[in-house]
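# Structure at a glance
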Amino acid sequence: MELSFYKYQGTGNDFVMIDDREERFDQNDLAKVQKLCDRKFGIGADGLILIRNHADYDFEMIYFNADGSQSMCGNGARCAVAFSSFLGIIKEQTHFLAIDGPHEAVLKGDQVELLMGNVKGIEESMGDYFVHTGSPHHIRFVEHVRDYPVFDQGKSIRYDPCYAPAGTNVNFVEGIKDDEVFVRTYERGVENETFSCGTGVTAAALVYGTQTNQNEIKITTLGGKLSVRFRPNSSGGFQDIWLIGPAEQVFKGKINI
Ligand SMILES: N[C@H](CCC[C@H](N)C(=O)O)C(=O)O
């Protein structure tokens, strides 16, 4: 079967995007998802996103990590907004559905501003921090993060028994200024470091901003720059959390699969 697809990237986190409003893609065929995301035998991507119609929202995004597992993907959601605008499904504003619930987003040129779900709070974990921002994130502060052994240390924490069986994503964060950090991420479901992780930089920004008393954090990742602004709530959690950054269509293609 010939499949048309588009390739998008959001700060180096890259995705196969499929307009599946006719619901022809079998979302239970995880081997197909894995093949399409395979960087040697398929298109190659950190994840795959289906755009589908939904009675109550402008669209629904169904996200798969490269291994076929599902979770909320912040960079993928930003790319889904840009793709839906390209398809003519939306204009600049949207209200769409993802696995963790409804989201609003605003498209401003090549930047997408995404409203994340509320966050219950920050937990202590293994001497570090844990925050769930639609997907689970372990946050460790380190020095010289550019030289840090992200793959080995990230994999070890991701598979630590304390996170079994679901596991977690792992973010290594270096403070640059009170309102600026550098973040590198080992991603569950990709089982490797990715060039950026939207839900991950959101988690890092919430922890760091709480420590430095800032509610707007600039984030540099290997793949580019993002920013996160948020409001603490009265019960130790966070709301009005906006993840802002670029989303780009890189190419389109057809593949027989
Ligand atoms: N790997 C993550 C999902 C994708 C997160 C990341 N790509 C993002 O931009 O949020 C997980 O399994 O929880």
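Please read these numbers as outputs of a predicted model, since none were measured by experiment.

Moving on to the overall build of the chain. Along its length, the chain carries 4 helices and 17 strands. Sorting the 257 residues of the chain into buried and exposed places 54% on the buried side. Summed over its atoms, the accessible surface of the chain is roughly 11400 Å², and 46% of this surface lies on carbon and sulfur atoms. The average position of the 25 basic charges and that of the 36 acidic charges among the side chains of the chain differ by 4 Å.

So, about the packing of aromatic side chains. With the rule as written, the count across this model stands at 13 aromatic pairs. Note on phenylalanine 59 and phenylalanine 96: the rings are 4.9 Å apart at their centroids and 5° apart in plane angle, and the pair reads as stacked. Separated by 37 residues along the polypeptide, phenylalanine 59 in strand S4 (residues 57-65) and phenylalanine 96 in strand S5 (residues 93-98) bring together distant segments of the chain. Note on accessibility: phenylalanine 59 and phenylalanine 96 belong to one class, buried.

A turn of α-helix holds 3.6 residues, and therefore any two residues three or four places apart point the same way. For helix H3 (residues 150-158), the complete set of buried residues consists of Val150, Gly154, Ile157 and Arg158. Down the axis of H3, the smallest arc covering the buried residues is 100°, so these residues share one side.

Before going further, it helps to spend a moment on the site of the ligand. Taken together, 16 residues lie around the ligand, and Asn169, Glu187, Arg188, Gly198 and Thr199 are the ones closest in. Within the contact set of the ligand, an oxygen atom lies 2.7 Å away from a backbone nitrogen or oxygen of glycine 198. Here the ligand, which alone exposes 360 Å², has 100% of that area covered by the protein. The site holding the ligand turns out to be the largest cavity.

Of the pockets and cavities examined, the largest pocket occupies roughly 250 Å³. Lining the largest pocket are 15 residues, with Leu3, Ser4, Ile18, Asp19 and Arg24 positioned closest to its centre. At 5 residues, the largest contribution of residues to the lining of the largest pocket is made by strand S1 (residues 2-10). Considered class by class, the residues forming the lining of the largest pocket number 8 nonpolar, 1 polar and 6 charged. Along the walls of the second largest pocket sit Gly12, Cys37, Arg39, Ala45, Asp46, Ala66, Val190, Asn192, Glu193, Thr194 and Phe195, which together make up its complete lining. Top element by residues in the lining of the second largest pocket is strand S13 (residues 192-194). It accounts for 3 residues. Taken together, the residues of the lining of the second largest pocket break down into 5 nonpolar, 3 polar and 3 charged.

For the rest of this paragraph, the subject is the domain arrangement of the chain. Partitioning the chain into structural domains gives domain 1 (2-116 + 247-256) and domain 2 (123-240). Contacts between the two partners involve 19 residues from domain 1, matched on the other side by 22 residues from domain 2. Both sides together, the interface formed by domain 1 and domain 2 hides about 1300 Å², and carbon and sulfur atoms give 48% of it. The interface formed by domain 1 and domain 2 contains 1 salt bridge.

Bridge count for strand S10 (residues 136-141) against strand S11 (residues 169-177) is 5 bridges, and the pairing is parallel. Considered in S11, the bridge of histidine 137 is made with asparagine 169. Crossover handedness for the path S10 to H3 to S11: right-handed. One ladder, built from 7 bridges, connects S11 with strand S12 (residues 180-187); its direction is antiparallel. Residue pairing for S12: asparagine 171 is matched across the bridge by threonine 185.

Within a regular beta strand, the side chains point alternately toward one face of the sheet and then the other, so they alternate between its two faces. When strand S14 (residues 216-221) meets strand S15 (residues 224-232), the two strands line up antiparallel, connected through 6 bridges. Bridging from a neighbouring strand, threonine 220 pairs with lysine 225 of S15. Following S14, the chain reverses through 2 residues before pairing antiparallel with S15. Bridge count for S15 against strand S16 (residues 238-246) is 5 bridges, and the pairing is antiparallel. In the strand pairing of S16, proline 232 is matched with phenylalanine 238.

Rules used in this analysis
Residues numbered from 1 in each chain as written. Predicted model: local features only at pLDDT ≥ 70, side-chain atom pairs only at ≥ 80, totals over all residues. Heavy atoms only, no water. Helix = DSSP H or I, 4+ residues; strand = E, 2+ residues; numbered from the N terminus. Buried < 20%, exposed > 50% of the residue type's maximum accessible area, 1.4 Å probe, protein only. Areas by Shrake-Rupley, 256 points an atom, 1.4 Å probe, with all protein chains shown as cover. Lys, Arg positive; Asp, Glu negative; His and termini not counted. Charge placed at Lys NZ, Arg CZ, Asp CG, Glu CD. Phe/Tyr/Trp six-rings, centres within 6.5 Å; stacked < 30°, edge-to-face > 60°. Arc of directions from axis to C-beta. Near = heavy atom within 4 Å. Polar contact = N/O pair within 3.5 Å; in protein donor to acceptor, adjacent residues only side chain to side chain. 1 Å grid on protein atoms, 1.4 Å probe; cavity = no way out; pocket = protein on both sides within 12 Å on 5 of 7 lines; lining within 4 Å. Sits in = over half its atoms within 2 Å of the grid points. Points joined across faces, edges and corners; volume = space filled by probe spheres on them. Nonpolar A, V, L, I, M, F, W, Y, C, P; charged D, E, K, R; others polar. Domains from an automatic or database assignment. Contact = heavy atoms within 4.5 Å. Buried area = accessible area lost by both parts, 1.4 Å probe. Salt bridge = Lys/Arg side-chain N within 4 Å of Asp/Glu carboxyl O. Pairing = 2+ DSSP bridges. Right-handed = clockwise from strand over helix to strand, strands pointing away.

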